[in-house]
Amino acid sequence: MMFPYIVHRCFNGKSAINISRVFRWLLFSRPGRKIISGFLILGLILISGKVSAQNLTLFDCLDKAEQNFPLLRGKQVLLKSSDLNVQNIKNSWLPRMEVIGQASWQSDVPSMDVDIQIPGFSVPQAPADQYKVALDVSQTLYDGGRTGKAVDVEQLAGNIEAQSIEVQMLDVSKRVAELFFSILMLEEQNQQINHKLRVLVSRRAELDALLASGAVSESVTMKLQAEVLLVEQQLISVQANEGTLLANLSSFLGEKVESASVLKKPSVEDLLIPELRPEYSLFSFQKNKLEKMTELHQRNRWPVLAAFGQAGYGNPGYNMLKDEFDTFLMVGLRLKWTPWDWSSTKRTTKVLENQIRLLDIEEETFRVNQTRAVNQFDGDLLRYQQLIELDSEIVELRKGIEENSTHLLKNGTITTSEYINDLDACISAQINKDLHKLGYLQGMTMKYLTGDKQTKE
């Protein structure tokens, strides 16, 4: 309905739109102001959506990769399984009930050999065929702390399996960080190559004008055109590699990353406090488990006290000489204790202590290797700092040389090859500067993920 109204107000019966009337109508009429407001709101929505889509930081990528990591979902399954095992262990304190049914025949039974015959009296004899059904109930009253220690061991076993997944996740984080910075480095090269291509196209246009006036020869422009084609080939290769890395990064994040422009460089301040290494928690869980296993084996020598009862019906009952079906009932206490195990517990304890010492050695070895890795990163970071300090000066010098070569090329003083060499040197200097900055950030990121020994003590 609005479009015919606009046409009616703006055409005035003519074949062309009166532009001034269109603007006046949009600015001063109520329907026009509504249209402008609608377009402004739509523009803000599109801009905000574009900005939010571009905010994909390094830590966003790490978080998304962790959420998309398949084994991370398995971690919850492992913890639930551990909880079920713990519940099964705690069930040892619940009463145990068993229903027993038995029918048997035996070749001999208890009997009495009496030579004296007493009138009206017969010697009772147990039946050879016997039948019974009974309910046995047992309740543990004291187990020496076995159940509590077994629960601790099972909980620590579950924590070890879950923490092992966290250790594997760290390798994924490092791979994501490598892809993140590799894409940024290719994007820097992509931008510089595009810049070089624009410069060469501009120079070719200038030389074409000079060629038309006879100031330069045709071979000069042909060499420049050949260089343009070579740069386009480089651009194709870089963009193809960047697309491959973006696809790989998308597979880790579980969502499509459209272009490198959505990736935002981290700040140095975000990388100053190293990440805590999951291996230290894993070592702690493993040693605690071995210690609890030692205590459990020692508790196995403690006595176990239980109450029991049996109620049933059968032939015979507890009176074996009574050949008839009868009920029977028995209750009592049962004590089980193994005071001697021929030093088995001592030997098992010694084995577990040796395993704890081996874990201490593994942890110390890990600390040493980690310190070496951090020292290597520190050396690389110092090298990048020194290179970056010289990069700006090199770039300025190369720009000056390239600008001078541009004038000389126009005047025919230098050849096209000489100009291209100076242009390549200028572009390479800028690329090196950008790559050194990204290399420094990548080194900081890897040091952040590697962790620092002092933060774990």
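Okay, so let's go over this structure. Everything numeric here is computed off the predicted structure, so don't read it as measured data.

1. Notes on the packing of aromatic side chains
Moving on, step 1. Considering all chains together, one arrives at seven aromatic pairs under this definition.
Moving on, step 2. Each ring, one from Phe59 and one from Tyr448, has its centre 5.7 Å from the other, and the planes form 85°; the classification is edge-to-face. Here Phe59, found in helix α4 (residues 58-68), pairs with Tyr448, found in helix α10 (residues 416-450); they are 389 residues apart in sequence, far enough to count as distant.
Moving on, step 3. Relative to Phe366, the ring of Phe283 lies with its centre 6.1 Å away and its plane at 65°, an arrangement referred to as edge-to-face. Separated by 83 residues along the polypeptide, Phe283 in helix α8 (residues 278-299) and Phe366 in helix α9 (residues 344-411) bring together distant segments of the chain.
Moving on, step 4. Taking the relative accessible area as the measure of exposure, Phe283 reaches 10% and is therefore buried.
Moving on, step 5. The class of Phe366 is buried, set by a relative accessible area of 18%.
Moving on, step 6. One aromatic cluster is present, built from ring pairs that chain together Tyr131, Tyr313 and Phe325.
Moving on, step 7. Directly above the ring of Phe308 sits Arg334, whose terminal nitrogen or CZ lies 4.2 Å from the centroid.

2. Details of the sheet that holds strand β5 (residues 304-315)
One key point about sheets: their strands pair by backbone hydrogen bonds, in either a parallel or an antiparallel sense.
Moving on, step 1. The strand order across the open sheet formed by four strands is β2-β3-β5-β6, and the pairing between neighbours is antiparallel. The two strands at the open ends of the sheet, each matched to only one other strand, are β2 (96-105) and β6 (326-336). Each adjacent strand pair in this sheet contributes to an overall mean axis angle of 20°, direction not counted.
Moving on, step 2. Relative to β5, strand β3 (residues 129-142) is paired through 11 bridges, and the arrangement is antiparallel. Across the sheet, Tyr131 pairs through a bridge with Asn315, a residue of β5.

3. Brief notes about the packing of helix α6 (residues 146-212) against α10
Geometry of a packed helix pair, given as the angle between the helix axes and the separation of the axes.
Moving on, step 1. At a minimum axis distance of 10 Å, the contact between α6 and α10 shows a crossing angle of 165°. Compared by their axis directions, α6 and α10 come out roughly antiparallel. Here α6 runs over α10; the crossing is right-handed.
Moving on, step 2. Broken down by class, the residue content of the contact of α6 with α10 amounts to 16 nonpolar, nine polar and seven charged.

4. Regarding the pairing of β6
Moving on, step 1. For β6, a buried count of one out of 11 residues is recorded, marking the element as mostly open to its surroundings.
Moving on, step 2. Examined bridge by bridge, β5 and β6 share 11 bridges and lie antiparallel to one another. Pairing of Val304 across the sheet is with Lys336, part of β6.

5. A closer look at a nonpolar patch on the surface
Moving on, step 1. Taken together, the side chains of Met97, Val99, Tyr131, Val133, Leu135, Val137, Tyr313 and Phe325 make up a nonpolar region of the molecular surface, amounting to roughly 750 Å² of accessible area.
Moving on, step 2. Taken together, the elements giving at least two residues each to the nonpolar patch come down to β2 and β3.
Moving on, step 3. A per-element tally of the nonpolar patch places β3 first, with four residues.
Moving on, step 4. Among the structural elements, Phe325 can be located in the loop between β5 and β6.
Moving on, step 5. Residue Phe325 is classed as partly exposed on the basis of its relative accessible area of 43%.

6. Remarks on the pattern of salt bridges
Moving on, step 1. One pass over the full model with this rule turns up 20 salt bridges.
Moving on, step 2. Between Lys292 and Asp152 there is a salt bridge whose closest N-O contact spans 3.9 Å. In this pair, Lys292 is assigned in helix α8 and Asp152 in helix α6, connecting sequence segments 140 residues apart.
Moving on, step 3. On the basis of relative accessible area, Asp152 is assigned to the partly exposed category, the value being 24%.
Moving on, step 4. One salt bridge connects Glu363 with Arg367, and the closest N-O pair in it is separated by 3.5 Å.

Calculation criteria
Residues numbered from 1 in each chain as written. Predicted model: local features only at pLDDT ≥ 70, side-chain atom pairs only at ≥ 80, totals over all residues. Heavy atoms only, no water. Phe/Tyr/Trp six-rings, centres within 6.5 Å; stacked < 30°, edge-to-face > 60°. Helix = DSSP H or I, 4+ residues; strand = E, 2+ residues; numbered from the N terminus. Buried < 20%, exposed > 50% of the residue type's maximum accessible area, 1.4 Å probe, protein only. Lys NZ or Arg CZ within 6 Å of the ring centre and 35° of its normal. Pairing = 2+ DSSP bridges. Axes fitted to C-alpha atoms, helices over the stretch in contact; angles between N-to-C directions. Parallel < 35°, antiparallel > 145°, perpendicular 65-115°, else oblique. Left-handed = near helix turned anticlockwise from the far one by under 90°. Nonpolar A, V, L, I, M, F, W, Y, C, P; charged D, E, K, R; others polar. Patch = residues over 30% accessible without salt bridge, like charges linked within 9 Å, V, L, I, M, F, W, Y side chains within 5 Å. Areas by Shrake-Rupley, 256 points an atom, 1.4 Å probe, with all protein chains shown as cover. Salt bridge = Lys/Arg side-chain N within 4 Å of Asp/Glu carboxyl O.

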